[in-house]
Structures are given as C-alpha cells and as structure tokens.
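This is what each chain is made of:
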Amino acid sequence: MPGKSRLFCALLFFCFLCEVPAHADRTRLKPGMNSFTPQQDIELGKKFATEAQQQYPLCNAPKVDAYLSKLGRRLVDHLDTFGVQYPWEFHCVNDKAINAFALPGGYVFVNRGAIEAADYEAELAAVMAHELSHVALRHGTNQATKAQYAQIGSGIAGIAGSIFGGLAGAAVSGAGQFAAGSVLLKYSRGAETQADVMGTQVLYDSGFDPRAMAAFFEKLNSAQAPPEFFSDHPNPENRVNRVHEEIQKLGGAPPDAQKDSLEFEAIKREVLALPVAAKGKPAAAAAPVAFPKPGTVRVGAPSKNYIDLNLGAAKLKYPDNWKQYGSGNNITLAPDGGVVDPGNGQAALAYGVMVSVAKLQGNPPADEDVLQAATTKLIESMQQENANMRVVRESKVVSLNGERAFSTYLSNDAPGEGQETDWLVTVVRPEGLVYFVCAAPRADYTDFSGTFSSILDSVRFNR
Ligand SMILES: [Zn+2]
C-alpha cells in the first residue's frame, strides 16, 4: 500500500507453498518482471523504513509491537516468498487513519487506526496478509522496474543527459521519490487484486476466517468518510467479490476457522488507550540523500579485494570498499567521496564507474555499424550536457568478455576543480547499448586505471 507510513518487523522464516495445496484450484500467483534483485528489495526497504521511522509517530508500545510481530510471523509462515528470506519487521504507527503499508523487503507498518477499526483479530490479520503479499510478490520494485523501462524508452539523450551531470544523482534522487510513495508504493489495480487474492489464501492457510478480508473491505466501504486504505486501494466492491470467489476456490471457509482471540481484544484496548500523537511530516518532505562537496572527503585507494555484483544481464566484480548506488539499469560503483554534490543539490560522479544501458531506436547510417553509430550518438548526447567534454583518444575496438566493444577516452570538467578523465566502454547487447563510464580526476587517473581495467575484465555477460 502506498501512502503514508508504516513497517513492522518480525524475524522471518521461509514460507512454503508446498505445505499447502489442499485445494488445487487456488489461484497461482508469482512476482512479475523485476530488474531488482530480492537483496535490493531488502536494501531499499530498509533505507526507507529508517526514514519512515523518523518521520512517522510510532506507538512506542512494546506489547503492541510484539503482538504485531507475532501475528505477522504466523501469517508469514503461510506466505510463499518464492525462496527469498526477508527480514520481516512490524511497526505500529500512532496514526488514527485506517491504513497500513509494507515496503519492499518486508518492512510493514500498521496504523493504530487499522487495529482500532478491526472488530476481531481476523480483520487485522487480513490487512496484514494483504501487505505481506505485496512484499512476496515484489510489487514495489516491479512498479519501479516498469517506471525504469518507461524512462529508458525515452532514448539515449535522456539517459546520457544525467550521466555526468548526475547520473548517480538520478538514481539516488529517484530513491527519494520512492520515499514519497510515488513508485514503490503505487500499485496497479492488478497488483492490489493479487495482494487481495494471495492475502485471502494466507488467511485461510493460517487458520483465520478468510471472509474477514471481504468483511473488512465492506466495513470500510460503508464508513462515512472514505478511509485512507481506499485512497490507496480502489474499487472495494470488485475486491469483495474477488475475495469471495477465491474463498470458493479454496473450498469455502472452514467451520472451525478462527475469527478472534482474547489477546487481540487486550491489545486493541491498549491501542485505544494510547495518547494521540501529533502527525509527522509527510513522507514527501524526506530530506534528500546528501553527498559531500568535491574535495571534502579524501578518496582512499581501491581495495584489492573484490565483491560480486549481479546486474541480471551481466555480472562483474568491484572493490569491496566501494559502494553501490542506484539500481536496475543505472548502477554507479564508487568509493566514499566518489559521488559528490558540486553545489547544485545533484550528485555527480568524481571517482568510480557507472554502468548503464541506452535503448537502441531506429537504424544506423548505412556506412556505420550499430556499435559505432550508437557510441557516436551517446558521446554527442553527453557533450550536449557537458559543454567542455571532448574526445581525447578516438574510439578503438576492444574485446569485452569476448564481445566487440569500443573504448574511448574523454576529458571533461571535474565536479570540483580541474579536469577529469572519462574512459567510456560501449558494447551492443540485447538490452541495448551497454556502457561503462570510468571517471577520475585527471591528476589521479593513473591511481585508478588498474582498478577500472579489473572491473571491466571481470564483466561476464549472460549468454
Ligand atoms: Zn495494497
């Protein structure tokens, strides 16, 4: 769910679908396309969960958090996470609005309003099962993946434009938008239906009355003021019908299914007695990630130890004292101090390697091959964004993991003072023009050139 705050934590085990299939008719769901790894879901979710915890008033009621974790874990035990182990966390937010949301990677926030609005435990479990399903189906990064592809489709110029001026900035400020809920928490109607269906299955498999999912929707629908849960989750009537349909596929609600517990009633009384907190700042006000000014952080020597990075279409290795910024088709690898803010609030690459993909559109001129034409166009569009960028060594053919590639050296104004050297390596792959930009200040370039070569030598494309 989108919207406002929330997260929860519980330690997690895997859930196994295999223990389930009493009724073969149940709807089978699986995550959609995704350019993020599950580990990136967890990293992104953790980052925004930390922000959410700073921005939203939490209940600060250990008994309530412990209860949410226990209930969440019971549901997670019956949730198919497709082999991924998420670090489930569950948090109670001191907000009377009827809402809950889960960030990628398993960080779940439940408003006190959702607990107070539940007439019995299975209704609260329904809201949570819905949220857990968004995590398992990886809806947040699936949405972000689609947004990314849409962005890449706008052509080389759009991507190259952000390369030096702030490619890392594009990736990182993109993350800031996630915090505003614009991408990671804006689910399509189809994703909401999937979360309803899987949530109903989880309720059923956990021994709760699955009809609670529909009952909670109906109650919200009949409430005077439309609760926030619905601003994030449209079309209540259709959702109720779809839940009933899934219950039929499961063979109907079991007669002994659990609706309530004494523990829930005690917790609800405790929540009702909590003082009302002042509302936190909206998430959109999240402070952007701050990068240091050029030259203020001494950039250390690259480590000789390398760690693996799987980009999906390719793998590579990079020094273990560097950090990864961005995700999907825009990855920047840089040491501390390597990504800087030149003073315009954007992030720029001073030391490090950027990997990106430009979609290829149209046909190359008759006398040029695709690699040559696309490389020329990429350099032109980079020069449009960087007035002083020039080619200092013409493109020559090299081999990158056995693929024909172009190696080009450019110079440009460094984000701080002086000039930088940019080594551009381009290769045509099924995804488009894959390009690597290895950047360092000209005076320091030789200290990094061996590391840049090692990173590029480590590239292995999926065949
Ligand atoms: Zn939802």
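Look up a bit, the structure's there.
Please read these numbers as outputs of a predicted model, since none were measured by experiment.

S.K.: Describe in detail the pairing of strand β12 (residues 390-400), supporting the description with residues and values.
M.R.: As defined by bridge partners, β12 adjoins strand β13 (residues 403-413) across 8 bridges and the pair is classed as antiparallel. Bridging from a neighbouring strand, L400 pairs with E403 of β13.

S.K.: Residue-level account of the state of the cysteines, with values.
M.R.: A covalent bond bridging the sulfur atoms of two cysteines is what the word disulfide describes. Scanning the entire structure with this criterion turns up 1 disulfide. Across the disulfide, C59 is cross-linked to C92 (sulfur-sulfur distance 2.1 Å). When the S-S torsion is -50 degrees, as for the bridge of C59 with C92, the disulfide is left-handed. One end of the pair, C59, is in the loop between α1 (38-55) and α2 (62-76); the other, C92, is in strand β2 (residues 89-93), with 33 residues separating them in the sequence. Note on accessibility: C59 and C92 belong to one class, buried.

S.K.: Break down the packing of aromatic side chains for me, with residues and values.
M.R.: Scanning the entire structure with this criterion turns up 9 aromatic pairs. Ring geometry for Y409 and W423: centres 5.7 Å apart, planes at 5 degrees, overall stacked. Of this pair, Y409 sits in strand β13 while W423 sits in strand β14 (residues 419-429); the two residues are 14 residues apart in sequence, bridging distant segments of the chain. Comparing Y409 with W423 shows no difference in burial state: the two are buried. Aromatic pair Y445 and F452: ring centres 5.6 Å apart, planes at 55 degrees, arrangement tilted.

S.K.: With reference to specific residues and values, describe the pairing of strand β6 (residues 314-319).
M.R.: Across 5 bridges, the pairing between strand β5 (residues 306-310) and β6 is antiparallel. Its bridge partner being in β6, I307 is matched across the sheet by Y318. In this antiparallel pair of consecutive strands, β5 and β6, the connection spans 3 residues, and G312 shows a positive phi of 95 degrees. Here β6 runs beside strand β16 (residues 460-461); their pairing, made up of 2 bridges, is antiparallel. Following the sheet pairing, A314 is matched in β16 by F461.

The rules behind these values
Residues numbered from 1 in each chain as written. Predicted model: local features only at pLDDT ≥ 70, side-chain atom pairs only at ≥ 80, totals over all residues. Heavy atoms only, no water. Pairing = 2+ DSSP bridges. Helix = DSSP H or I, 4+ residues; strand = E, 2+ residues; numbered from the N terminus. Disulfide = S-S within 2.5 Å. Buried < 20%, exposed > 50% of the residue type's maximum accessible area, 1.4 Å probe, protein only. Phe/Tyr/Trp six-rings, centres within 6.5 Å; stacked < 30°, edge-to-face > 60°.

Functional significance is not addressed by these values, which are geometric in nature.
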